[in-house]
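# Analysis of the macromolecular model
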Amino acid sequence: MSGHFSALLQAQSQPSGPRVPVSVLTGFLGSGKTTLLNRLLSSADLAGTAVIVNEFGETGLDHELLTAASADDVVLLPNGCLCCAVRGDLVKALSTLLDRPGQAIERVVIETSGLAEPGPILRTLMLDPLLSQRCRLGTVLCTVDAVLGLQSLERHPEALAQLAAADEVWLTKLDLLVDPGATGPLLQCLAQLNPAARVRQAGRAGLAPLLEILRQRLLSPGPDPASSEQAHFYHPVGTPDELPSHLADVQSFVLVRHEPLDLEGFAQWLDLVVASQGEKLLRFKGLVQIAQSPDTPMVVHAVQHLFHPPETLSAWPSEDHRTRLVFITRGLGREVLESTLDVMARRRSRPRPV
Amino acid sequence: MAEEQLMQAARLVSLWSELSIRHVALGMSCGCGAGGISLRLEDFELDIVDYLEDAALRSDLPAVAAYFRSQQTAGWPPSPLLVLLQQASEGELPAPVCDWVLPRVEKTLTSFKALHGGGAGA
């Protein structure tokens, strides 16, 4: 069998040189992306950062609002909501930046349109053969408006897709809340919809953690600090309370396996899931104990039905060596995934008769 | 064996017969993916039986473990899941084995059906 994930596994073994981390800043309209980016770029820690602004519409303004960045370091990428349209433009923009003479680009941040699902951009970064040789996906950061965020998530599928894709969530506009403690329902909703993301509140935490995440220098293939030792792959999912009605079919859950998984069986299971129900996967990330190499966990993650090439860590980030697979799905239940994984993975995890 | 179990087994025979001929197109759901390969759910029949066998041998039910051990020793017939379910539907399977195996097969096949897009996904 050779499905999407299996093909990436084969590609994993191909050597590549150092790659520039490309992080994606997403968030719904008016949620404070540009403000946050300006604050981040004003820090000396992010010198050497280029910015690509992906705006909706013929005339973009956000790139002109990036006062903290040098004009040479900002590229406008218009009309970014269409998968096919954005691909070529993004490849061209990134290639132009990386080929630019002078000081080398150390990292790139792409600010998405507030109306765009980040999937097309992430797919391009993950799968374009030229880009994947030179760039790697850094982190996905999503701004959420503390005042309107819950409403946006209920009403706009784009906002949900942006949240689901996020590794980090930055809660904005806390100063506009009449009751500073009113973030409870929103925080609960965020934790339920994307339990794997770290939620930071702008008023309580400085930018230092985000700067540290973004301040990744050129990395060789191997352990990825954005998604390994420093990452927050897995946060225990609390008792699920009722979500807003429009989000009722969105589920997040964690599959845990105490026994190592056979690589082939696991890959075939993922191939099957992606081929059959890929459109129902909003986000998937996992830390996997592979039977063939139990001391070096495999990091896997996907946005919608497309996977990032898996990476292998040099060691486990904690004492917990169990396989943990975090899913955010729409209309695809835990039991379906759990029982099919049971079938596909266990068979190969024990010695076969000769 | 209870009539209810015979009916359950017969229903599972039908379900597996229907499922096993379904195809899964790998990588064809998006133009961006690798693709062009398809397989039938029948290809997973040995995986399902092997999963059942593994779980049975780990169970603390001597009759169930003994049955699966004997099948392992003798070698499973071709189309082993279909044969197992047909035996159950005809009352030829020992009662403890039937009690143990039918709920597991039902759960597994229902999940594969849902995974293939046949409902009960959520």
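Residues numbered from 1 in each chain as written. Chains lettered and ligands numbered in written order. Predicted model: local features only at pLDDT ≥ 70, side-chain atom pairs only at ≥ 80, totals over all residues.

## Remarks on the overall build of chain A
The helix and strand tally for chain A stands at 12 helices and 13 strands. Long-range pairs, those at least 24 residues apart, make up 79% of the contacts in chain A with a sequence separation of at least 6. (Helix = DSSP H or I, 4+ residues; strand = E, 2+ residues; numbered from the N terminus. Contact = placed C-beta atoms within 7 Å.)

## Some details on the overall build of chain B
Secondary structure assignment for chain B yields five helices and two strands. Overall, chain B shows an N-to-C arrangement of helices and strands of α-β-β-α-α-α-α. Scored against the burial criterion, the 122 residues of chain B give a buried share of 34%. Here the contacts in chain B between residues at least 6 apart in sequence split such that 58% fall between residues at least 24 apart. (Buried ≥ 20, exposed ≤ 12 C-beta atoms within 10 Å, placed from the backbone.)

## Some remarks on the nonpolar core
Of all hydrophobic cores here, the largest spans 124 residues; its most connected members are A:Val108, A:Leu163 and A:Val169. Residue contributions to this core peak at 10 residues, all from helix α5 (residues 95–115) of chain B. Two domains each put at least three residues into this core: domain 1 (4–9 + 232–346) and domain 2 (17–214) of chain A. Each residue touching A:Val108, except ones within four places of it in the same chain, is listed here: A:Val20, A:Val22, A:Ala50, A:Ile52, A:Leu94 and A:Leu97. (Core = buried A, V, L, I, M, F, W, Y, C linked by C-beta atoms within 7 Å. Domains from an automatic or database assignment.)

## Notes on the packing of helix α1 (residues 3–20) of chain B against α5(B)
Residue and element names in this part refer to chain B. At a minimum axis distance of 10 Å, the contact between α1 and α5 shows a crossing angle of 35°. Like other packed secondary-structure pairs, α1 and α5 cross with a definite hand, here left-handed. The residues of α5 that touch α1, namely those facing Gln 5, Gln 8, Ala 9, Leu 12, Leu 15, Trp 16 and Leu 19, are Cys 98, Leu 102, Val 105, Glu 106, Leu 109, Phe 112 and Lys 113. Class assignment for the residues of the contact of α1 with α5 results in 10 nonpolar, two polar and two charged. (Axes fitted to C-alpha atoms, helices over the stretch in contact; angles between N-to-C directions. Left-handed = near helix turned anticlockwise from the far one by under 90°. Nonpolar A, V, L, I, M, F, W, Y, C, P; charged D, E, K, R; others polar.)

## Quick look at the pairing of strand β13 (residues 323–330) of chain A
Residues and elements named next belong to chain A. Most of β13 is tucked away: seven of the eight residues are buried. The pairing of strand β8 (residues 250–257) with β13 spans eight bridges and is classified as antiparallel. Bridge assignment links Val 254 to a residue of β13, and that residue is Val 326. Looking at chain direction, strand β9 (residues 281–290) and β13 are connected through six bridges and run antiparallel. By the bridge assignment for β13, Lys 285 is matched with Val 326. (Pairing = 2+ DSSP bridges.)

## Focus: helix α5 (residues 119–127) of chain A
Judged by how many residues are buried, α5(A) sits mostly within the fold: eight of nine residues are covered. The complete set of buried residues in α5(A) reads A:Pro120, A:Ile121, A:Leu122, A:Arg123, A:Thr124, A:Leu125, A:Met126 and A:Leu127.

## So, the environment of B:Ser79
One can find B:Ser79 in the loop between α3 (62–74) and α4 (80–89). Taking the C-alpha atoms as reference points, B:Ser79 and B:Val49, separated by 30 residues in sequence, lie 9.6 Å from one another.

## Details of unusual backbone geometry
One non-glycine residue, A:Lys173, adopts positive backbone phi at about 60°. Mapped onto the secondary structure, A:Lys173 falls in the loop between β6 (168–172) and α9 (184–193). Residue classification places A:Lys173 among the partly exposed positions, given that 19 C-beta atoms sit within 10 Å. The backbone phi angle of B:Ser79 is positive, close to 50°, even though this residue is not glycine. Residue B:Ser79 is classed as partly exposed on the basis of its C-beta count, with 16 C-beta atoms lying within 10 Å.

## Observations concerning helix α2 (residues 33–41) of chain A
Buried residues of α2(A): A:Lys33, A:Thr34, A:Leu36, A:Leu37, A:Leu40 and A:Leu41, and no others. The buried residues of α2(A) occupy an angular sector of 160° when projected down its axis, which confines them to one face. (Arc of directions from axis to C-beta.)

## Here we look at the pairing of strand β7 (residues 198–201) of chain A
Side-chain positions along a regular strand alternate between the two faces of the sheet. Across four bridges, the pairing between β6(A) and β7(A) is parallel. The residue bridging A:Leu171 from the neighbouring strand is A:Gln201, located in β7(A).

## Notes on the environment of B:Ser59
Residue and element names in this part refer to chain B. Looking at the element boundaries, Ser 59 is found in the loop between α2 (45–58) and α3. A count of 13 C-beta atoms within 10 Å places Ser 59 in the partly exposed class. Separated by 41 residues in sequence, Ser 59 and Trp 100 place their C-alpha atoms 9.9 Å apart. Apart from the residues lying within four places of it in its own chain, the contact partners of Ser 59 are Val 64 and Ala 65.

## Things to note about the confidence of the model for chain A
Residue and element names in this part refer to chain A. On average, residues of chain A score 77 in pLDDT, and 75% of them reach the 70 mark or higher. In the predicted structure, residues 57–61 sits below a pLDDT of 50 and forms five contacts with residues beyond four places in sequence or in another chain. Low pLDDT, under 50, characterises residues 79–84; the stretch is placed with 14 contacts to residues that sit more than four places away or in other chains. (pLDDT = per-residue confidence, 0-100.)

## A word on the confidence of the model for chain B
Residue and element names in this part refer to chain B. On average, residues of chain B score 85 in pLDDT, and 84% of them are at 70 or above. Here strand β2 (residues 37–40) stands out as the least confident element of chain B, with mean pLDDT 70; α4 is the most confident, with 95. Scored below 50 in pLDDT, residues 28–35 shows 17 contacts in the model against residues more than four places distant or in partner chains. Interface scoring of the predicted complex returns ipTM 0.83; its pTM is 0.70.

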